[in-house]
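Listed here are the chains, written in short residue letters.
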Amino acid sequence: MAQRRISGSKLMMVLCVVAMCRAVPINDLIYRASQQSDKLHALSTMLTQELGSEAFPIDRVLACHTSSLQTPTDKEQALQVSESDLLSLARSLLQAWSDPLEVLSSSTNVLPYSAQSTLSKTIQKMQEHSKDLKDGLDILSSKMGPAAQTITSLPFIQTNEIGQDKITKLLSCFRRDSHKIDSFLKVLRCRAANMQPQVC
């Protein structure tokens, strides 16, 4: 009986949060999502710098598991993409990193001891920010129609062994993709603020 009561209270809390979020204007939701994505990208950039993972610059063509997703390559191209499609791209990239972040989180033991604690703590923060951002984008997409709710599946194939080079590459790929997500949401934020895509 107690378990049912706890589950019921959690359900009520979730429903209340969803109801409150549905009452929040789209502009505010986009603003909050943009702030969250900015934090996520800042964490990924900080981590790659701390671990010396700059061997794979952001603008280099990396063979990441998300590379098959066709995304705008610069701001000018992003401005030509509809709001719904930009949100769909951001959600697809974010969803694609759920498993790889888990792999990174459980692979800290292959790094030098001094780097293990840094990686573990920062990846935990990145997972928390990713989940918060995903929840926010899910709510936002429900307000923007079916096209925004489309998610492209980008499977991550895990190899049996993961070494420091693989961790370095994954972190560089995540930094690249978090940069894209942040850029797409900034374009959405700019459009929402100005109501005119060409002003962004």
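The coordinates are above.
Described in the following lines is the structure provided in the data block. Here the structure is a predicted model, which means the values were calculated and not measured.

### Thoughts on the overall build of the chain
Right, on to step 1. Counting secondary structure elements, the chain contains 8 helices and 0 strands.
Right, on to step 2. Secondary structure of the chain in N-to-C order comes out as α-α-α-α-α-α-α-α.
Right, on to step 3. Buried residues in the chain amount to 42% of all 200 residues.
Right, on to step 4. When contacts within the chain are restricted to residue pairs at least 6 apart in sequence, long-range pairs at least 24 apart make up 85% of them.

### What to know about the packing of helix α5 (residues 98-105) against helix α8 (residues 164-194)
Right, on to step 1. Two numbers describe how α5 lies on α8: the axes approach to 11 Å, and their chain directions differ by 140°. Taken together, the axes of α5 and α8 lie oblique to each other. α8 is crossed by α5, and the crossing has left-handed handedness. Packed against α5, whose contacting residues are P100, L101 and L104, the element α8 presents I167, L170, L171 and F174 at the interface.

### Details of the environment of I26
Right, on to step 1. Tracing the chain through its elements places I26 in helix α2 (residues 26-50).
Right, on to step 2. Residue I26 is classed as partly exposed on the basis of its relative accessible area, which comes to 31%.
Right, on to step 3. Along the sequence, I26 and L140 sit 114 residues apart, while their C-alpha atoms lie 6.8 Å from each other.
Right, on to step 4. Those residues in contact with I26, other than ones at most four positions away along the chain, are L140, K143 and M144.

### Some points on the packing of α2 against α8
Right, on to step 1. Contact pair α2 / α8: the axes reach a minimum separation of 8 Å and the direction vectors enclose 155°. The pairing of α2 with α8 is recorded here as roughly antiparallel in orientation. The interaxial crossing formed by α2 with α8 has left-handed handedness.
Right, on to step 2. Grouping the amino acids of the contact of α2 with α8 by side-chain chemistry returns 11 nonpolar, 10 polar and 5 charged.

### Here we look at the state of the cysteines
Right, on to step 1. Considering all chains together, one arrives at 1 disulfide under this definition.
Right, on to step 2. The disulfide partner of C64 is C173, and the S-S distance across this bridge is 1.9 Å. Taking the torsion about the sulfur-sulfur bond, which here is approximately -85°, the covalent link between C64 and C173 counts as left-handed. With a gap of 109 residues between them, C64 in the loop between α2 and α3 (75-78) and C173 in helix α8 connect regions that are remote in the sequence.

Rules used throughout
- Residues numbered from 1 in each chain as written.
- Predicted model: local features only at pLDDT ≥ 70, side-chain atom pairs only at ≥ 80, totals over all residues.
- Heavy atoms only, no water.
- Helix = DSSP H or I, 4+ residues; strand = E, 2+ residues; numbered from the N terminus.
- Buried < 20%, exposed > 50% of the residue type's maximum accessible area, 1.4 Å probe, protein only.
- Contact = heavy atoms within 4.5 Å.
- Axes fitted to C-alpha atoms, helices over the stretch in contact; angles between N-to-C directions.
- Parallel < 35°, antiparallel > 145°, perpendicular 65-115°, else oblique.
- Left-handed = near helix turned anticlockwise from the far one by under 90°.
- Nonpolar A, V, L, I, M, F, W, Y, C, P; charged D, E, K, R; others polar.
- Disulfide = S-S within 2.5 Å.

Remember, this is a structural readout, not a statement about activity or role.
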